[in-house]
Amino acid sequence: ALFCFLFAKHVGGRFLLRIEDTDIERSKEEYVKDIIEGLSWLGINWDEGPLFQKERMELYREHAYRLLREGKAYRCYCAAEELEEKRKIALKEGKKPSYDRTCRDKTEEHPDRPCVIRFKTPLSGEVFFDDIIRGKITIRCEELDDLVILRSDNTPTYNFTVVVDDALMGVTHIIRGDDHINNTPRQIVIYEAFHYEVPAFAHVPLIHGKDKGRLSKRHGATSLLEYRNTGLLPEALMNYLARLGWAYGDQEIFSREELAEKFELGNVG
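The paragraphs below set out a description of the structure included in this document. Predicted, not measured: the structure shown is a model, and the values here were computed from it. (Residues numbered from 1 in each chain as written. Predicted model: local features only at pLDDT ≥ 70, side-chain atom pairs only at ≥ 80, totals over all residues. Heavy atoms only, no water.)

This part takes up the overall build of the protein. Each helix and strand in the protein was counted, giving 9 helices and 9 strands. Burial statistics for the protein: of 269 residues in total, 39% are counted as buried. Considering only contacts in the protein between residues 6 or more positions apart, those separated by 24 or more positions represent 69%. Split by element, the accessible area of the protein, about 15,400 Å² in all, is 51% carbon and sulfur. Once the 40 positive and 47 negative side-chain charges of the protein are each reduced to a mean point, those two points are 3 Å apart. (Helix = DSSP H or I, 4+ residues; strand = E, 2+ residues; numbered from the N terminus. Buried < 20%, exposed > 50% of the residue type's maximum accessible area, 1.4 Å probe, protein only. Contact = heavy atoms within 4.5 Å. Areas by Shrake-Rupley, 256 points an atom, 1.4 Å probe, with all protein chains shown as cover. Lys, Arg positive; Asp, Glu negative; His and termini not counted. Charge placed at Lys NZ, Arg CZ, Asp CG, Glu CD.)

Structure (structure tokens):
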């Protein structure tokens with residue numbers, strides 16, 4: 001969020017705050033409150049939002065059914081138990097546990113049976129993008145699977161909703177953790193299926209704990225507000241976070257205005 005905010009300020013752009021809450025089980029009101037209060041305390045002010053995905057469900061469904069009509073998606077009737085069994089067999093055989101596309105070319109419909117909608121990923125060719133931080137990244141289409149874009153309960157999935165939102169909200173740059181690199185080619189083929197312009201991507205290194213694992217709740221503080229409650233100053237934490245993965249010569253201490261003035265993605269390590 002900080003790098004998105006600083007980049008937007010540096011180039012005279014707009015910073016969006018979007019709450020991605022389509023996963024009903026994992027989306028709690030207290031998490032949203034923590035995000036909004038924590039970013040406000042830190043001094044990360046958004047130009048638009050907060051925008052809630054749960055309020056845009058009908059929009060995602062319309063887009064999913066549009067792909068279905070255009071033959072770019074299909075209904076999959078495979079039961080969860082069946083998929084789990086196939087996954088176990090694939091792992092046992094040393095193969096990648098991806099969906100085997102059983103339903104991809106079937107045309108008959110079964111209104112009485114639950115189903116998901118899957119995106120028809122191209123079966124051959126390559127997907128590539130020029131990451132602003134990491135350079136050119138290429139993935140073979142054979143490495144990608146047919147993503148579920150609409151679950152059997154009619155709720156959309158993350159990789160689908162973010163494409164629809166970024167396109168309709170006019171997002172030009174997506175700055176996120178490098179744990180999302182594998183999601184990017186999956187999202188690019190969906191942009192292309194809709195003939196939407198593909199934004200620029202920048203994947204930043206993750207913050208790790210002392211055990212070299214990705215920073216998480218088990219490493220200590222679970223939200224920004226815990227740092228506030230211990231008496232840490234927001235200017236100090238913003239400075240620390242900005243310097244974690246980004247540098248500007250030998251300068252160590254920056255005001256928020258200086259960070260926005262000097263922040264460039266080319267200086268992210």
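The subject of this paragraph is the sheet that holds strand β7 (residues 148–150). Judged by pairing direction, the sheet is antiparallel, and its 3 strands sit side by side in the order β3-β4-β7 without closing on themselves. If you trace the sheet from one side to the other, it starts and ends with β3 (73–76) and β7, each paired once. Strand-to-strand twist of the sheet, defined as the mean angle between neighbouring strand axes without regard to direction, takes the value 45 degrees. Where β3 lies against strand β4 (residues 116–119), 4 bridges are found, and the strand directions are antiparallel. Directly across from Ala73, in β4, lies its bridge partner Phe119. (Pairing = 2+ DSSP bridges. Axes fitted to C-alpha atoms, helices over the stretch in contact; angles between N-to-C directions.)

The amide bond that connects Gly49 to the next residue, Pro50, takes the cis arrangement and shows omega of 0 degrees. For Pro50, the position within the fold is in strand β2 (residues 48–52). A positive phi angle, close to 70 degrees, is found at Lys212, a residue other than glycine. As for its placement among the helices and strands, Lys212 is situated in the loop between β9 (200–204) and α7 (224–229). Its relative accessible area of 68% is what places Lys212 among the exposed residues.

A word on a nonpolar patch on the surface. The grouping of Ile207, Leu215, Tyr240 and Leu244 at the surface amounts to a nonpolar patch, some 360 Å² of accessible area in total. Structurally, Tyr240 can be placed in helix α8 (residues 234–243). (Patch = residues over 30% accessible without salt bridge, like charges linked within 9 Å, V, L, I, M, F, W, Y side chains within 5 Å. Salt bridge = Lys/Arg side-chain N within 4 Å of Asp/Glu carboxyl O.)

A word on α8. Every α-helical turn comprises 3.6 residues, leaving residues that sit three or four positions apart pointing alike. Residues of α8 that are buried include every one of Pro234, Leu237, Met238, Asn239 and Ala242, and no others. For α8, the elements touching its buried residues are α1 (2–11), α2 (29–42), α7 and α9 (256–262). Trailing α8 by a residue or two, Gly245 shows a phi angle of about 110 degrees, which is positive.

We now examine the nonpolar core. Judged by nonpolar contacts, the single largest core of 31 residues is most densely connected at Leu67, Phe119, Ile149, Phe160 and Ile190. Counting only elements with at least two residues in this core, the list comes to α3 (57–69), β4, β5 (126–131), β6 (135–140), β7, α5 (158–168) and α6 (183–194). If one sorts the elements of this core by residue count, α6 sits on top with 6 residues. Phe7, Leu42, Ile44 and Met238 belong to the second-largest nonpolar core, a separate cluster that totals 28 residues. (Core = buried A, V, L, I, M, F, W, Y, C linked by side-chain atoms within 4.5 Å.)

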